Amino acid sequence: MEQVVNIEPIAPLDQAAIAQAQQRQNQLTKPQGALGQLEALSIQLAGIRQQCPPTIQKPIIIVAAADHGVTESGVSAYPSSVTAQMVANFLAGGAAVSVLARHAGAELLIVDAGVQTAISSSAPNFRSEWLGAGTKNLAIEPVMSQAQAQSALARGIALAHELADAGHDLIALGEMGIGNTTAAACLTAIYCQQAAATVTGHGTGVQSEQYQHKIAVVAQAVARVGENIDGLGPLIEVGGFEIGILAGIIVGAAQRRVAILLDGFITTAAALVAQALAPQAIEYCIAAHCGAEPGHRIALQQLGLRPLLQLDLRLGEGSGAALAIPLLQAACKILGEMATFASAQVDTANS
Ligand SMILES: O=C(O)c1ccc[n+]([C@@H]2O[C@H](COP(=O)([O-])O)[C@@H](O)[C@H]2O)c1
Ligand SMILES: Cc1cc2nc[nH]c2cc1C
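Residues numbered from 1 in each chain as written. Chains lettered and ligands numbered in written order. Predicted model: local features only at pLDDT ≥ 70, side-chain atom pairs only at ≥ 80, totals over all residues.

Under an unreviewed UniProt entry, the name given to the protein chain is Nicotinate-nucleotide--dimethylbenzimidazole phosphoribosyltransferase, and the source organism is Herpetosiphon geysericola. You can read under Sequence similarities (unreviewed entry) in the UniProt record for the protein chain the words "Belongs to the CobT family." What UniProt records for the protein chain under Pathway (unreviewed entry) is the sentence "Nucleoside biosynthesis; alpha-ribazole biosynthesis; alpha-ribazole from 5,6-dimethylbenzimidazole: step 1/2." (UniProt positions renumbered as here; feature names shortened; annotations may be inferred.)

Written out as structure tokens, the structure reads:
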């Protein structure tokens, strides 16, 4: 597959800021390493933002929504009409992520990447990046054209650049799309070379025979894709419009040194797509949590990311990412505000 989207280079994390953050962590009034993952997180954020101590002052959560043709194969516990209905709920402020975004003090932007009937809204936090009336059925055929996949990626990159230019220092990712755990399972099976049964979960709640059927659909799609795993191949074959836009946002944010906070299984699958296109983008990613879908843990391993939270979430929407925003801010504040052994006159470790 010819590589079509022009991907600007991504700089490595800033080593000077990382060294400074590491050194400061070691001087803070605590036994070395005692703040666990928060220490590594603050150091990563320093490297991302080229700043020691780093700050997260203008976080934004993006929820990309789209429909999936595979729902006609009976792989979800809910009808695809719920995708558009939940977008209305996000815009009205009543969804879980709406509450959690307010709790975290984060902006919330809802993006229509390809809901069956295009969303029409003049809400300031709504944005249409509509790529089509849902994807085709991945059980049968490639779900989108190459042009749609390129457009998804390019729109995501452009959106991330725009948000970086507007001063956002953290982009948290969320999604909404009935059927998208099937797409995410296919992508995870492909990129992580795992059996369908290993990476396919219950999604919104499919059980017993319907769950076995979902596994068979994933296995069939992965077999159909075969070796077409370069570049945009997997996205074209099984991806979703929202997954393509999310992959683009990851690449675009990394290009602008904006931290990326992944949410659940689907946003993590989008990171697998981004990794295949621009591996360095993953250095800019933080995994908010590891949820209940079995493929989520496997995709995180492939990305080399250690999740911050383990709450058995399986909602999506960016809910887990929203919950982790205050943790990121806490990690930054610890680095910036804690006293050092010298400043607080506390004795250091016995040598
Ligand atoms: O983020 C997750 O890990 C996650 C796990 C299970 C379900 N979801 C959400 O549920 C929807 C997809 O589930 P399904 O069963 O329709 O494939 C979609 O809107 C996701 O946001 C999300
Ligand atoms: C109600 C509902 C809310 C959701 N939020 C994300 N995925 C969802 C799926 C359903 C079914």
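Next comes the rest of the account.
A. Region of the structure containing the overall build of the protein chain. Secondary structure summary: the protein chain contains 14 helices and 6 strands in total. Taking 2.2 N^0.38 as the reference for a compact globule, 351 residues should give roughly 20 Å; the C-alpha atoms of the protein chain span a radius of gyration of 20 Å, in line with that estimate. Judged by the C-alpha coordinates and their principal axes, the protein chain covers about 70 × 45 × 40 Å. For the protein chain, the proportion of its 351 residues judged to be buried stands at 56%. Of the contacts formed within the protein chain by residues at least 6 apart in sequence, a portion of 77% connects residues at least 24 apart. (Helix = DSSP H or I, 4+ residues; strand = E, 2+ residues; numbered from the N terminus. Rg over C-alpha atoms; globule rule 2.2 N^0.38 Å. Buried ≥ 20, exposed ≤ 12 C-beta atoms within 10 Å, placed from the backbone. Contact = placed C-beta atoms within 7 Å.)

B. The arrangement of the nonpolar core in detail. Within the largest apolar cluster, 121 residues are counted, with the highest numbers of intra-cluster contacts made by Ile171, Ile250, Ile260 and Leu261. For this core, the element with the most residues is helix 10 (residues 241-255), which contributes 10 residues. Residues contacting isoleucine 250, with those up to four places away along its chain left out, are Ile260, Ala270, Ala271, Ala274, Ala281 and Cys285. (Core = buried A, V, L, I, M, F, W, Y, C linked by C-beta atoms within 7 Å.)

C. Seen up close, the site of ligand 1. If you check the shell around ligand 1, you find 24 residues, and the closest are Ser76, Thr181, Gly203, Gly264 and Gly316. Of all elements in the fold, only strand 4 (170-176), helix 6 (180-192) and helix 11 (265-277) reach the threshold of two or more residues within the shell around ligand 1. For the shell around ligand 1, the per-class residue count stands at 7 nonpolar, 12 polar and 5 charged. (Near = placed C-beta within 6 Å. Nonpolar A, V, L, I, M, F, W, Y, C, P; charged D, E, K, R; others polar.)

D. How the structure looks around the packing of helix 5 (residues 146-165) against helix 10. Where helix 5 meets helix 10, the axes come as close as 6 Å, and the angle between the chain directions of the two elements is 45°. Here helix 10 runs oblique to helix 5, going by the angle between their axes. Seen along the crossing, helix 5 lies across helix 10 with a hand that is right-handed. Of the residues in helix 10, those in contact with Ala149, Ala152, Leu153, Ala154, Arg155, Gly156, Ile157, Ala158, Leu159, Ala160, His161 and Ala164 of helix 5 are Phe241, Gly244, Ile245, Leu246, Ala247, Gly248, Ile249, Val251, Gly252 and Ala253. (Axes fitted to C-alpha atoms, helices over the stretch in contact; angles between N-to-C directions. Parallel < 35°, antiparallel > 145°, perpendicular 65-115°, else oblique. Left-handed = near helix turned anticlockwise from the far one by under 90°.)

E. Summary view of the environment of isoleucine 282. When you line up the elements, isoleucine 282 lands in the loop between helix 11 and strand 6 (285-287). Considered as a pair, isoleucine 282 and leucine 272 are 10 residues apart in the sequence and their alpha carbons are 8.9 Å apart. Dropping the residues within four chain positions of it, isoleucine 282 is found in contact with Ala271, Gln275, Leu303 and Gly304.

F. Structural view of the site of ligand 2. Around ligand 2, a shell composed of Tyr78, Val82, Met86, Met176, Thr204, Leu315, Gly316 and Glu317 is seen. Tallied by class, the residues present in the shell around ligand 2 amount to 5 nonpolar, 2 polar and 1 charged.

G. A look at the environment of serine 98. Along the polypeptide, serine 98 turns up in helix 4 (residues 96-104). In sequence terms serine 98 and glycine 167 are 69 residues apart; their C-alpha atoms lie 21 Å from each other. Sequence-distant contacts of serine 98, defined by excluding residues within four places in its chain, comprise Phe90, Gly93 and Leu108.

H. Main features of the pairing of strand 2 (residues 107-114). Across the 8 residues that make up strand 2, a large majority, 7, are buried. Judged from the 7 bridges that link them, strand 1 (residues 59-66) and strand 2 form a sheet pairing that is parallel. Across the sheet, the residue bridging to alanine 64 is valine 111, located in strand 2. With 3 bridges connecting them, strand 2 and strand 3 (residues 126-128) associate as parallel partners. (Pairing = 2+ DSSP bridges.)

I. Expanded view of the UniProt feature "active site" (unreviewed entry) in the protein chain. According to UniProt, the feature "active site" (unreviewed entry) maps to Glu317 in the numbering used here. Among the structural elements, glutamate 317 can be located in the loop between helix 12 (294-303) and helix 13 (319-337).

J. Region of interest: the pairing of strand 1. Strand 1 sits mainly inside the fold: 8 of its 8 residues count as buried. A two-sided burial pattern is seen for strand 1, the buried positions comprising Pro59, Ile61, Val63 and Ala65 on one face and Ile60, Ile62, Ala64 and Ala66 on the other.

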